[in-house]
Amino acid sequence: MTIVNGYESRRITLEEIMQAHLHLKEVVNRTPLQHSRVLSERYECEVYLKREDLQIVRSFKIRGAYHMIRSLSPEQVAQGVICASAGNHAQGVAYSCQTLGIPGKIYMPSTTPRQKVKQVNFFGGDQVEVVLVGDTFDDAYAQAIAESKRTGMTFIHPFDDPKIVAGNGTIGQEIMAAAESSPDYIFLTVGGGGLAAGVASYVKAVSPNTRIIGIEPKGAPSLRRSLDEGKVVALDEIDKFVDGAAVKRIGDLTFEICRELLDDVLLVPEGKVCTTLLDLYNENAIVAEPAGALPIAALDLYRDQIKGKSVVCIVSGGNNDVDRMQEIKERSLIYEGLKHYFMVNFPQRAGALREFLDDVLGPNDDITRFEYTKQHNKDNGPALVGIELKQRADYAPLMERMYAKGLTFYELNKDPLLFNLLI
């Protein structure tokens, strides 16, 4: 056996998951397994949503956190607990500390959405102290580990611990108990791997033929990269947009379990996640967070395989900050090919802008942003132009008209560096 994180690398047992189930009966909601008519018709299969966004802290993270803290010795309880989290694990730990009367210290990245920080303080009350530090989970993790060693407070890992994995495994137990028959597929989010490892440990033990599909954001493929290289690797850079799954390094224990039990790992672009978030809200009245929408966003990639099958998607959380909605809409439009940004060098003569509106824009095209780059010399310098299209097919005619007009321009959508700097 390989030793990882102080434990033998192994599958979490059914007995461990059922012990977690007994602990969690005290606090968690048995979230519904809802049939989605919209998604079922779209993909010509039976799609069910495991609604962990309806959990008591609006995410599945309460399961692992409470089970681990509930399992501590009296000596460990007296010392208190400490954790690092991008948000949802922090809420689970905070709620557990308040419920069990245990002092806690919670380290969160400074980039964590305000809504999540506010909720951590709400759930923890006077039992917890929140410390914002660094830009990523990994920064907060390093600080929390150092503080744990200094104070002797027990570190509650967000994913890489058998108790955490076993707690998350209760989701698998609930899915199998609620389903009329064993699902053909279960799609779930992978960040640090705790959810995937837990659910797969239970489901594969009772239904080996159910295929477990892990989904990662394209900008943070920690499991996919580790699988490709045959060992746990740390990513140098990640896109932090899908904050609940944006982890530079998957856990050691969770990697071993996922490598053994997951049937596939898919990468989904962040823009596709945004489109799915908006669809979930508009079509199903579900407010999901980006990590919670990942499994549903991946269904397009498996459209042929899931046709006629039964499919479960775990909506892992619903802690989304309303302040992010404009960015979500923007990313969705860009991904769908409906929003384009250009630097346009207009001819230095009167009426040039009017000609652009009359001769270049199509009847359904709309300028959503226009800024001269030189505010004090608008006659000598390009302008930043944002154009929103009615449909993707309108892009090619737009480009033809711009070339025909003889404009000098540059497409910012095709240059990630300039796009991020200017947009």
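Report follows, based on the coordinates.

Basis of the calculations
- Residues numbered from 1 in each chain as written.
- Predicted model: local features only at pLDDT ≥ 70, side-chain atom pairs only at ≥ 80, totals over all residues.
- Heavy atoms only, no water.
- Buried < 20%, exposed > 50% of the residue type's maximum accessible area, 1.4 Å probe, protein only.
- Helix = DSSP H or I, 4+ residues; strand = E, 2+ residues; numbered from the N terminus.
- Arc of directions from axis to C-beta.
- Contact = heavy atoms within 4.5 Å.
- Axes fitted to C-alpha atoms, helices over the stretch in contact; angles between N-to-C directions.
- Parallel < 35°, antiparallel > 145°, perpendicular 65-115°, else oblique.
- Nonpolar A, V, L, I, M, F, W, Y, C, P; charged D, E, K, R; others polar.
- Core = buried A, V, L, I, M, F, W, Y, C linked by side-chain atoms within 4.5 Å.

### Here's the deal with helix α6 (residues 114-124)
For α6, the complete set of buried residues consists of Lys116, Val117, Val120, Phe123 and Gly124. One side of α6 carries all its buried residues, which in axial view fall inside an arc of 135 degrees. Summarising the geometry of α6, the exposed residues directed more than 90 degrees from the buried face are Arg114, Lys118 and Phe122. In this fold, the buried residues of α6 make contact with α5 (88-100), β6 (104-108) and β7 (128-132). Immediately downstream of α6, the backbone of Gly125 shows phi near 55 degrees, a positive value.

### Overview of the packing of helix α10 (residues 222-229) against helix α11 (residues 252-261)
For the pair α10 and α11, the least separation of the axes is 11 Å and the interaxial angle reads 70 degrees. The angle between the axes of α10 and α11 places the two elements in the roughly perpendicular class. Residues Leu223, Ser226 and Leu227 of α10 pack against Phe255, Cys258 and Arg259 of α11. Taken together, the residues of the contact of α10 with α11 break down into four nonpolar, one polar and one charged.

### Digging into the nonpolar core
Proteins that are soluble and globular tend to have nonpolar side chains buried together. Ranked by size, the top nonpolar core spans 33 residues in total, and within it Leu49, Phe187, Ile215, Ile296, Leu299, Ile306 and Val311 carry the most contacts. Elements with a minimum of two residues in this core: α2 (37-43), β4 (46-51), β9 (185-189), β10 (211-217), β11 (264-268), α12 (270-284), α13 (290-297) and β12 (310-315). A per-element tally of this core places α13 first, with five residues. Setting aside residues up to four positions removed in sequence, Val311 forms contacts with Cys45, Glu46, Val47, Tyr48, Tyr185, Phe187, Leu299 and Ile306.

### Some words on the environment of Pro32
Here Pro32 shows up in the loop between α1 (14-24) and β3 (33-35). A relative accessible area of 30% means that Pro32 is categorised as partly exposed. When sequence neighbours within four positions are dropped, the list of residues in contact with Pro32 reads Leu49, Lys50, Arg51 and Leu54.

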